[in-house]
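Okay, here's what each chain looks like letter by letter:
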Amino acid sequence: MTQEDLARKVGVRRETILFIEKGKYNPSLKLAHDISRALQTTIEEIFIFDD
Amino acid sequence: MKEKMSIVAGAGIAILLLVIVALYLFGPSSIETYDVLLIIIPLILVVGAITFLWDRLKNIRAGLPSADERAKKLHWKAGAYAYIATIWIAIGTMWYNIIFAENLGYPELNAGQVVAVIVLLSGLVWFALQFYFMKQGDI
């Protein structure tokens, strides 16, 4: 799945997916949830939160 | 529909600004040094507006939203910073008239020029900050 495909699925701009991948943008809980659903996995599998 | 309306409105304002600048440039009144700034800054604003509109159109054509949560957040963040910048620009014009115009003999800015400088520079700061934030991600 390309960044554009994922962006279209979750309803955001492609740059937003790019910055999330690069770790330069923290998505809202809703967007994180939508991404995890689009990728058929859990939020914990995709996002790692450092203390 | 709302996105298309905002694009049409933005394009309309950009065209209107260009027409005003053209009328000013080719009108009967002579142009002074400070007036050149008041022409250049709106032109930069128009170019900035066209860039943003083009970016939005590109996303809409690709079937993506023109503005998402990140874009909206950065839009308002840039607006908040531009508001603070506007206050400093207003103070700057006051200082200019006190320090440069009254004491060093530079031409004094009249009320109309002060308003124009504040409005145009704050718009410029807002555009520049939006562009910068959009390129930086958010963190």
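Please read these numbers as outputs of a predicted model, since none were measured by experiment.

## Observations concerning the overall build of chain B
Thought 1: Along chain B, the regular secondary structure elements total 4 helices and 0 strands.
Thought 2: Mapped from its N terminus to its C terminus, chain B presents α and β elements in the order α-α-α-α.
Thought 3: Counting across all 139 residues of chain B, residues that qualify as buried make up 12%.
Thought 4: Here the analysis covers contacts within chain B between residues at least 6 apart in sequence; of these, 76% occur between residues at least 24 apart.

## What about the overall build of chain A?
Thought 1: Counting secondary structure elements, chain A contains 4 helices and 0 strands.
Thought 2: N-terminal to C-terminal, the α/β element order of chain A is α-α-α-α.
Thought 3: Relative to its length of 51 residues, chain A is compact, with a C-alpha radius of gyration of 10 Å against a globular reference of 10 Å.
Thought 4: The C-alpha extent of chain A, read off along each of the three principal axes, is 30 × 20 × 15 Å.

## Topic: the domain arrangement of chain B
Thought 1: Domain assignment breaks chain B into domain 1 (1-67) and domain 2 (68-139).
Thought 2: At the junction of the two partners, domain 1 of chain B supplies 9 residues and domain 2 of chain B supplies 11 residues.

## Points about the packing of helix α1 (residues 3-10) of chain A against helix α2 (residues 14-22) of chain A
All names here are of chain A.
Thought 1: Where α1 contacts α2, the two axes come as close as 8 Å, and the packing angle between them is 110°. Between α1 and α2, the interaxial angle falls into the category roughly perpendicular. Relative to α2, the crossing made by α1 is right-handed. Across the interface between the two elements, Gln3, Glu4, Leu6 and Ala7 from α1 touch Arg14, Thr16, Ile17 and Leu18 from α2.
Thought 2: Among the residues making up the contact of α1 with α2, the classes are represented as 4 nonpolar, 2 polar and 2 charged.

## Overview of the environment of Lys77(B)
Thought 1: Note that Lys77(B) resides in helix α3 (residues 69-104).
Thought 2: For Lys77(B), a count of 14 C-beta atoms within 10 Å gives the class partly exposed.

## Re helix α4 (residues 111-136) of chain B
All names here are of chain B.
Thought 1: Given a rise of 1.5 Å per residue, 26 residues ought to cover 38 Å, and the 37 Å separating the end C-alpha atoms of α4 matches this to within 8%.
Thought 2: Looking at α4, one finds that the buried residues are Val117, Leu121, Ser122, Trp126 and Gln130.
Thought 3: Within two residues after α4, glycine 137 carries a phi angle of roughly 85°, on the positive side.

## Some words on the packing of α3(B) against α4(B)
Residues and elements named next belong to chain B.
Thought 1: Across the interface, α3 lies against α4 with an axial gap of 8 Å and an inter-helix angle of 145°. Crossing of α3 against α4: the hand is right-handed. Of the residues in α4, those touching α3 at Leu74, His75, Lys77, Ala78, Gly79, Tyr81, Ala82, Ala85, Thr86, Ile89, Ala90 and Thr93 are Val114, Val117, Ile118, Leu121, Ser122, Val125, Trp126, Leu129, Gln130, Phe133 and Met134.
Thought 2: Taken together, the residues of the contact of α3 with α4 break down into 16 nonpolar, 6 polar and 1 charged.

## Re the interface of chain A and chain B
Thought 1: Contacts between the two partners involve 15 residues from chain A and, on the opposite side, 12 residues from chain B.
Thought 2: At the level of elements, α1 and α2 of chain A are the ones that each hand at least two residues to the side of chain A that touches chain B.
Thought 3: Looking at the side of chain A that touches chain B element by element, the count peaks at 4 residues for α2(A).
Thought 4: When the residues that make up the side of chain A that touches chain B are grouped by side-chain class, the tally is 5 nonpolar, 4 polar and 6 charged.

## Quick word on the environment of Trp76(B)
Thought 1: Residue position: Trp76(B) is located in helix α3.
Thought 2: In sequence terms Trp76(B) and Trp126(B) are 50 residues apart; their C-alpha atoms lie 9.6 Å from each other.

So, how was this worked out
- Residues numbered from 1 in each chain as written.
- Chains lettered and ligands numbered in written order.
- Predicted model: local features only at pLDDT ≥ 70, side-chain atom pairs only at ≥ 80, totals over all residues.
- Helix = DSSP H or I, 4+ residues; strand = E, 2+ residues; numbered from the N terminus.
- Buried ≥ 20, exposed ≤ 12 C-beta atoms within 10 Å, placed from the backbone.
- Contact = placed C-beta atoms within 7 Å.
- Rg over C-alpha atoms; globule rule 2.2 N^0.38 Å.
- Domains from an automatic or database assignment.
- Axes fitted to C-alpha atoms, helices over the stretch in contact; angles between N-to-C directions.
- Parallel < 35°, antiparallel > 145°, perpendicular 65-115°, else oblique.
- Left-handed = near helix turned anticlockwise from the far one by under 90°.
- Nonpolar A, V, L, I, M, F, W, Y, C, P; charged D, E, K, R; others polar.
- Expected span 1.5 Å × (residues − 1).

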